[in-house]
Amino acid sequence: MNYILRRNKLGKATCEELSRRLVNPVEVITTDAPIPNTNGWIFRWGTTATVGTDKIVNSSAAIGWAADKKTSRLDMQAKGVPVPQSYEINVGASLPKALPTGKLFVGRKPYHVQGRYLVSGTYNQCFAKLNKWGEGGYISEFIDKVTEYRVFVFLGRVLWVAQKTPGNPKDVAWNVAKGGHFANVTWADWPIRAIEACVQAMNVGGLDFGGVDVMVDADGNVYILEINCGPLLESEYRQHCVARGFDWVIGRDAKETLEPYNRRTDYRRWIHPCLYSNR
């Protein structure tokens, strides 16, 4: 038997819908129940729980890295992934003598979801708030974005791209939990530069799959925000695409990370072959 392993209180509807769309038999289990031994595959959906098999899609370490937004952001920055210029803030740190000035900044806790624990303003204001919260975090330069996407990367290629529409365009975080929504982007309109950055970000963390949030400014510059290892799949199309990816691994009984298709420069360079091949 194959399994989708999800954290309790995370992804119940999404994972159950995925299991129904898969051709191969897959059972959804949660980490608060005994995890069975299996000769099949286990797809981790946002959980770092220990499992007794080597046939894992998304390692515990990789998911933990992505969940720690401060560590993953700073690691990506150090490895040359395009992210908003970010500064580490440790608990109880003193205000730096040389402050970035003349810009708007955004402060976040190390762990955050759904636009929570966010403050914007001057560097001093963000620094003071993070110190008050007592967990440290990171401060990033504010990017005046014009577009934001979520790109679902699966084993080196892409399964789907969705464009985010905010409930309020003036919000710093365009979060679906605050009234926004996603609209699927057709293959021919996939933002190639953004996709390239998303795959680069995934490689830094060693992730097999995840939804990468990436924004674009008025000059066409792309900036990676974060990676979600258990994203909501409220669209039938997005559920179908992820199910095809999981079936791809199960059907071949192998986890293969693909390189971009060098003979193409458009979406065909990045689209995962499971979307157009026979199961």
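Structure: see above.
Each chain has its residues counted from 1, following the order in which its sequence is written. Two thresholds apply to this predicted model, a pLDDT of at least 70 for residue-level local features and 80 or more for giving and counting side-chain atom pairs, whereas whole-chain, interface and lining totals are computed over all residues. The side-chain quantities take in all heavy atoms of the structure and omit both hydrogens and water.

1. A few points about the packing of helix α2 (residues 60-67) against helix α3 (residues 69-78)
1) Next: Two numbers describe how α2 lies on α3: the axes approach to 5 Å, and their chain directions differ by 95 degrees. Comparing the axis directions of α2 and α3 gives the class roughly perpendicular. Residues Trp 65, Ala 66 and Ala 67 of α2 pack against Lys 69, Thr 71, Ser 72, Asp 75 and Met 76 of α3.
2) Next: Lys, Arg, Asp and Glu make up the charged group, whereas Ala, Val, Leu, Ile, Met, Phe, Trp, Tyr, Cys and Pro make up the nonpolar group; the residues left over, Gly among them, are polar. Here the residues of the contact of α2 with α3 sort into 4 nonpolar, 2 polar and 2 charged. Lines fitted to C-alpha atoms define the axes, with helix axes restricted to the stretch in contact, and inter-axis angles between N-to-C directions lie between 0 and 180 degrees. The helix and strand labels rest on DSSP assignments: H or I over at least four residues marks a helix, E over at least two residues marks a strand, and numbering proceeds from the N terminus. Each angle receives one of four descriptions, namely roughly parallel if under 35 degrees, roughly antiparallel if over 145, roughly perpendicular if within 65 to 115, and oblique otherwise. It only takes one pair of heavy atoms within 4.5 Å for two residues to be counted as in contact.

2. Overview of unusual backbone geometry
1) Next: You will see that Asn 58, though not glycine, has its phi angle at about 85 degrees, which is positive.
2) Next: Residue position: Asn 58 is located in the loop between β4 (56-57) and α2.
3) Next: Buried, partly exposed and exposed residues are distinguished by accessible area as a fraction of the type maximum, computed with a 1.4 Å probe on protein chains only: under 20%, between the cut-offs, and over 50%, respectively. Taking relative accessible area as the criterion, Asn 58 reaches 0% and is therefore assigned buried.
4) Next: Positive phi, close to 50 degrees, is recorded for Leu 155, a residue that is not glycine.
5) Next: Topologically, Leu 155 is positioned in the loop between β9 (145-154) and β10 (157-165).

3. As for the environment of Ala 128
1) Next: Secondary-structure assignment places Ala 128 in helix α4 (residues 123-133).
2) Next: The class of Ala 128 is partly exposed, set by a relative accessible area of 45%.
3) Next: For the pair formed by Ala 128 and Lys 103, sequence separation is 25 residues and the distance between their alpha carbons is 16 Å.

4. Considering the pattern of salt bridges
1) Next: By salt bridge we mean one thing: a side-chain nitrogen of Lys or Arg within 4 Å of a carboxyl oxygen of Asp or Glu. Applying the stated criterion across every chain yields a total of 14 salt bridges.
2) Next: As a salt-bridge pair, Glu 17 and Arg 20 come within 2.9 Å of each other at their nearest N and O atoms. One end of the pair is Glu 17 and the other is Arg 20, both in helix α1 (residues 12-21) and 3 residues apart, which spans about a single turn.
3) Next: With a relative accessible area of 56%, Arg 20 lands in the exposed category.
4) Next: Note that Lys 255 and Asp 208 form a salt bridge whose closest N and O atoms lie 3.1 Å from each other. With Lys 255 in the segment after α6 (236-252) and Asp 208 in the loop between α5 (192-205) and β12 (209-217), the pair connects residues that are 47 residues apart, well separated along the chain.
5) Next: Overall, Lys 255 belongs to the partly exposed group, its relative accessible area being 37%.
6) Next: Residue class for Asp 208 comes out buried when judged on its relative accessible area of 8%.
7) Next: Taken together, the salt bridges that share partners define one network made up of Glu 17, Arg 20 and Arg 21.

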